[in-house]
Amino acid sequence: MRLISLLALLLTLPCLAHAQNADAENHNAIAGTVTAGYLTYGTAATFPPFEFVKDGSLVGFDIDLAAEVASRMHLASSPVNMEFGGLIPALIGHRIDVINSAMYLSPEREGVVDFVPYLSISSVVLVPRDSRLPVTGYDLSLCGLRVGVTLGGIEMRDADKATENCLQNKKPALIILPYPTAQNTALNLLQERTDAAFTSQFGAAVLMQEVPGRYRVAGRPFGTEGQIGLAVAKTNPELRGSLTKAVQELKKDGRLDQLIKKWHLNRGQDVSDVEESGKASDWWVTVKLTLDYLVSPPFLKGAGITLFLTTSSLIVGSLIGIILAVISGGRFGFFRLSVMIYLWLFRGTPVLLQIVFIYNVLPLLGLKLAALTSAVLALSLNEGAYMAEIARSGLDAVKPEQKTAGLALGLSPLSVFRCITAPQAFRITLPMLGNQVIGLLKSSALVSVIAVPELLLAADQAASANFRYIEALSAAAIYYLAFTSLFMLLQRYLEQSLAPGKSSSEKALHRAQAAMESVR
Amino acid sequence: MLAKPVLSLEDIRLTIDGKHILNGCDLKIPEGEVVVILGPSGSGKSTLMRCINLLQKPDSGRILFDGEDILNSSAAAPAVRRKIGMVFQGYDLFEHMTVWDNLLLAPRLTGGAYAHGMSERAAELLDGIGLLEHAGRYPHQLSGGQQQRVAIVRALVMQPRVMLFDEPTSALDPEATEQLQKLFGSAALKSMAKVVVTHDIGFARRVADRIVFIENGSVIANLSAQHFFSGDVPDRLHRFLTKTMPELKLQYSEELPSRV
């Protein structure tokens, strides 16, 4: 009981945490930005040196650029870190004012958003250092090879052009393998799932610094027409105008060049000269770094958020489930139909879709919820649909005579439910509930797409800064396994304490005997 | 010579899905008597009993409890049921609770006078049926007869005015049936009005003060037990009774061999 009230208290926390935001959001209409006084920008901090997480904070060329641009507009800059794929939906859903994430201009993107370009970028062909394949650069030597590119990046167009070129020369097409992030592309090259990869010249430079001796650049940089820019909603030409003005100023007064130098973007011109340095990690470094990650602030916070998401969605989902199970057992046709539609919707669509829908589509319909609230709502609604079925099956498994016997003793229907039907149903459904909780714990990782900094997002961002995937993912796995073990222990404890047990038998006997003593 | 009725049912009618279950039943339960309702399966006797504690709501009629119409009054069903104990055919002890918790659940949740002295009452009653040492057991650890006695005590802890028994002997062996009969005559139950629905003629004969015979939802006979079992009933009734409940033939033949 005390546990439940504690969890109920936890449930109210997101309301407190976001009260400040909500207050600021009230001034939207006046200031013309999502949060008055701020230039709120979305960024996917997995792309060094442009944006990445270092020691728990966001850094990079774009992060500095945003601060500069915002200050010239008399605003403060406020980043929202999320998955790259969630950026455009967030912009369209008025979650952010600007996308500032080294986003390449492409005709497809320009169809949905407007760009303010600020930098030209070339790409390079990256191969493993010891590759024996005769790759000589962005040319016919690539024909028939497996080439990794970043999903939705300019590299995809480069790869398509290379294929065309091969086909014209009667050579086999490229086998194009798109990966979600530049880090994934690099990692898969190292693991020989691809023969070569296209990446930005800057990305390649960082890669060779962070993971020395593993990669080399084949040939010369290509595709100088590539441009990256700030993206704004097509509905917001004023903002586009003031951003363009700010960027032009930065170019004119040399501040942009300073930033380029600060982040060594100029060094990318000659990436093949980066020396091999350092040595391969041994197991001790791996263990040490994993342990460091375990106690680092982003991981602790991520673990806390994951646990919070799981428990709060479990509680809200269970309440929804129980209420629905009771309603759908009733005789009201309208309610039963509504419950059926709800179950059909939430069990029939992916959780990921539900999360993105609530966060990015509902704002278009006038309901704008904070990211954490959206995440809890989506997971709870999804959980509720499954819980309703579990609760229904549990309630159905309780013999109806048990309920009748309770009523015949003069108990109210509510007391009968609380003390007779519900406890028996709970005991029957406990193994299924255990499965649900563990499933929910893992589903919570999906909310990283809407920038909730839970455990997996923390791990992904830590790894993208230094390519230490083993360590970052191990640290996240340790947390997940610890939580799973915790829930399993809790389930076993509940099963034992609810099952007819020796201790409760003895207690009851003692009480009966004591009562008898007092009669005598 | 009838004692003052604690309960009386007047013209109880019930139709379910177009089927007439009860066709105007009248029944008086005198204080301190055992009224046994006999009748073939499907005659409506169990339904009539469920009407008494409002588990089934009849379409029309009156049920007077201590002179007050509980069917058409504003009194809530739970308040009425607390005064009328019921023991079900399947006993229906709460499976997730010990015997002790089964006994105390209702008084604890109801509170007030019901909770006052409940532990002592429960212990004494449990001791009375010889199961005090079983207080810590769970229902599935008890025999059928033991479960039934616990179910009786569970109802008695609420100190009802009337006790209802639905087919109490249907699953009992002869020994347990005898124990039940003894319990009927024990201090806890003796002075209480009891209504027993059964097809067990032998049991009826041993415990009944009054026999009510029901067929097709109508009361066919309402006689003192002595009169009923004497076989000295009008010929038409005699023929009807022996035809609808062949077991009665044996009872009558014991009494009056000449009539067979």
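Rules used in this analysis
- One numbering rule holds for all chains: residues counted from 1, following each sequence as written.
- Key to labels: chains lettered from A, ligands numbered from 1, both in the order written.
- Residues qualify for local features only when their pLDDT is at least 70, as the model is predicted, and side-chain atom pairs are given and counted only at 80 or more; totals for whole chains, interfaces and linings, by contrast, use all residues.
- Think of the side-chain values as coming from all heavy atoms in the structure, minus any hydrogens and water.
- Starting at the N terminus, helices and strands are each numbered in turn, a helix being any DSSP run of H or I of at least four residues and a strand any DSSP run of E of at least two.
- Only protein chains enter the calculation, and the probe is 1.4 Å; a residue is then buried if its accessible area is under 20% of its type maximum, exposed if over 50%, and partly exposed in between.
- A score from 0 to 100, pLDDT tells how confident the predictor is in each residue.
- Contacts: residue pairs with any heavy atoms within 4.5 Å of one another.
- Every patch collects residues that have over 30% relative accessible area and no salt bridge, joining them within 9 Å if they carry like charges and within 5 Å if they are nonpolar side chains (Val, Leu, Ile, Met, Phe, Trp, Tyr).
- Surface exposure here means Shrake-Rupley accessible area, sampled with a 1.4 Å probe, where a residue is shielded only by the protein chains that are shown.
- Every case where a carboxyl oxygen of Asp or Glu lies within 4 Å of a side-chain nitrogen of Lys or Arg is listed as a salt bridge.
- DSSP-based pairing: two strands are paired if at least 2 bridges between them are found.
- For crossovers, right-handed means that the path from the first strand over the helix to the second runs clockwise, given strands pointing away from the viewer.
- When two parts are brought into contact, each loses some accessible area as probed by a 1.4 Å sphere; the total of that loss over both is the buried area.
- A 3.5 Å cut-off defines polar contacts: any pair of N or O atoms within that distance qualifies, except that in protein one atom must be a possible hydrogen donor and the other a possible acceptor, and neighbouring residues in sequence count only when both atoms are side-chain atoms.
- Following the grouping adopted for this structure description, the nonpolar residues are Ala, Val, Leu, Ile, Met, Phe, Trp, Tyr, Cys and Pro, the charged ones are Asp, Glu, Lys and Arg, and the polar ones are all others, Gly among them.
- In this description, a disulfide is simply a cysteine sulfur pair whose atoms lie within 2.5 Å.
- Just so you know, the count uses Lys and Arg for positive and Asp and Glu for negative, and it drops His and the chain ends.

Q: Got a minute to help me understand the overall build of chain B in this structure?
A: Counting its secondary structure elements, chain B contains 12 helices and 10 strands. Sorting the 260 residues of chain B into buried and exposed places 55% on the buried side.

Q: In this structure, what is going on with the confidence of the model for chain A? I would like to understand it.
A: Detailed reading of the predicted model is not advised wherever pLDDT is low. All names here are of chain A. In the predicted model, chain A carries a mean pLDDT of 84, and the fraction of residues at 70 or more is 89%. Ranking the elements of chain A by mean pLDDT puts helix α3 (residues 28-31) last with 37 and helix α17 (residues 400-408) first with 94. Segment residues 268-280: pLDDT under 50, and 16 contacts once partners within four positions in sequence are set aside and those in other chains are kept.

Q: It is not clear to me how the environment of Gly39(B) should be interpreted in this structure. Could you clarify?
A: All names here are of chain B. Along the chain, Gly-39 turns up in the loop between β3 (34-38) and α1 (45-52). Owing to a relative accessible area of 0%, Gly-39 belongs among the buried residues under this scheme. Taking the C-alpha atoms as reference points, Gly-39 and Met-245, 206 residues apart in sequence, are found 7.3 Å from one another. Aside from chain neighbours lying at most four places away, what touches Gly-39 is Lys-45, Thr-198, Phe-213, Ile-214 and Met-245.

Q: Explanation requested: a nonpolar patch on the surface in the structure shown.
A: Residues and elements named next belong to chain A. Taken together, the side chains of Ile-92, Val-112, Leu-353, Phe-357, Leu-364 and Leu-365 make up a nonpolar region of the molecular surface, amounting to roughly 550 Å² of accessible area. Take Leu-365: it is sitting in the loop between α15 (351-361) and α16 (371-397). Residue Leu-365 is classed as exposed on the basis of its relative accessible area, which comes to 64%.

Q: Please explain the environment of Ala459(A) as it appears in this structure.
A: Relative to the assigned elements, Ala459(A) resides in helix α19 (residues 455-466). When neighbours within four sequence positions are excluded, Ala459(A) is seen to be in contact with Phe299(A), Ala472(A), Leu473(A) and Ala476(A).

Q: Where do I start with the pairing of strand β9 (residues 175-179) of chain A in this structure?
A: The side chains of a regular strand alternate between both faces of the sheet. All names here are of chain A. Bridge count between strand β8 (residues 146-150) and β9: five bridges; the pairing is parallel. Looking at the pairing, Val-149 lines up with Pro-178 of β9. Each parallel crossover has a hand, and for β8 linked through helix α7 (residues 154-168) to β9 it is right-handed.

Q: Teacher, can you tell me more about the interface of chain B and chain A here?
A: In many reports, interface size means the accessible area that the parts give up when they come together. Taken together, the contact pairs 35 residues of chain B with 34 residues of chain A. Of the roughly 2,800 Å² buried where chain B meets chain A, counting both sides, 66% is carbon and sulfur surface. Where chain B packs against chain A, one counts one salt bridge. A salt bridge links Glu95(B) to Lys399(A); the nearest nitrogen and oxygen atoms lie 2.4 Å apart. There are 10 residue pairs in polar contact (both at pLDDT 80 or more) connecting chain B and chain A. Looking at the side of chain B that touches chain A, the elements that each hand over two or more residues are α2 (77-81), β6 (84-87), α3 (99-110), α5 (118-128) and α6 (144-156) of chain B. Of the residues belonging to the side of chain B that touches chain A, the class tally is 18 nonpolar, seven polar and 10 charged.

Q: Before we go on, may I ask you to explain the state of the cysteines in this structure?
A: One way to say it: the disulfide is the covalent bond shared by the sulfur atoms of two cysteines. Residue and element names in this part refer to chain A. Under the defined criterion, the tally for this structure stands at one disulfide over all chains. Through a disulfide, Cys-143 is tied to Cys-166; the S-S separation comes to 1.9 Å. Since a negative S-S torsion denotes a left-handed disulfide, the Cys-143-Cys-166 link at about -90° is left-handed. One end of the pair, Cys-143, is in the loop between β7 (113-128) and β8; the other, Cys-166, is in helix α7, with 23 residues separating them in the sequence. The exposure class of Cys-143 is buried, given its relative accessible area of 12%. Judged by its relative accessible area of 1%, Cys-166 falls in the buried class.

Q: Honestly, the sheet that holds strand β1 (residues 5-16) of chain B in this entry has me stumped. Any pointers?
A: Across a sheet, paired strands are connected by hydrogen bonds in the backbone, their directions being either parallel or antiparallel. What the four strands build is an open sheet, ordered β2-β1-β4-β5 (chain B); its pairing is antiparallel. Of all strands in the sheet, those with a lone pairing partner are β2 (19-30) and β5 (68-69) of chain B, marking the two edges.

Q: Looking at this model, I keep getting lost on the pattern of salt bridges. Mind explaining?
A: Note that side chains of opposite charge can pair when their charged atoms are close. In the structure shown here, the tally under the stated rule is 16 salt bridges over all chains. Residue Asp396(A) is joined to Arg392(A) by a salt bridge in which the shortest nitrogen-to-oxygen separation is 2.9 Å. In this pair, Asp396(A) and Arg392(A) are both assigned in helix α16, four residues apart and thus about one turn of the helix distant. Classification of Arg392(A) as partly exposed rests on a relative accessible area of 22%. Salt-bridge contacts for Arg108(B) lead to Asp101(B); the nearest nitrogen and oxygen are separated by 4.0 Å. What emerges from the salt-bridge pattern is a single network uniting Glu68(A), Arg72(A), Glu249(A), Asp253(A) and Arg255(A).

Q: I keep staring at the environment of Pro212(A) and nothing clicks. Help me out?
A: Along the chain, Pro212(A) falls in the loop between α9 (201-210) and β11 (215-233). Overall, Pro212(A) belongs to the partly exposed group, its relative accessible area being 25%.

Q: Mind showing me how you'd approach the side chain of Arg81(B) here?
A: Position of Arg81(B) among the secondary structure elements: in helix α2. Buried charged residue Arg81(B) carries no salt bridge. Nearest counter-charge: Asp92(B), at 13 Å. A polar atom in the side chain of Arg81(B) sits 2.9 Å from the backbone oxygen of Asn53(B). With sequence-adjacent residues up to four places away left out, Arg81(B) is seen in contact with Leu407(A), Ala408(A), Gly410(A), Asn53(B), Leu54(B) and Leu55(B).

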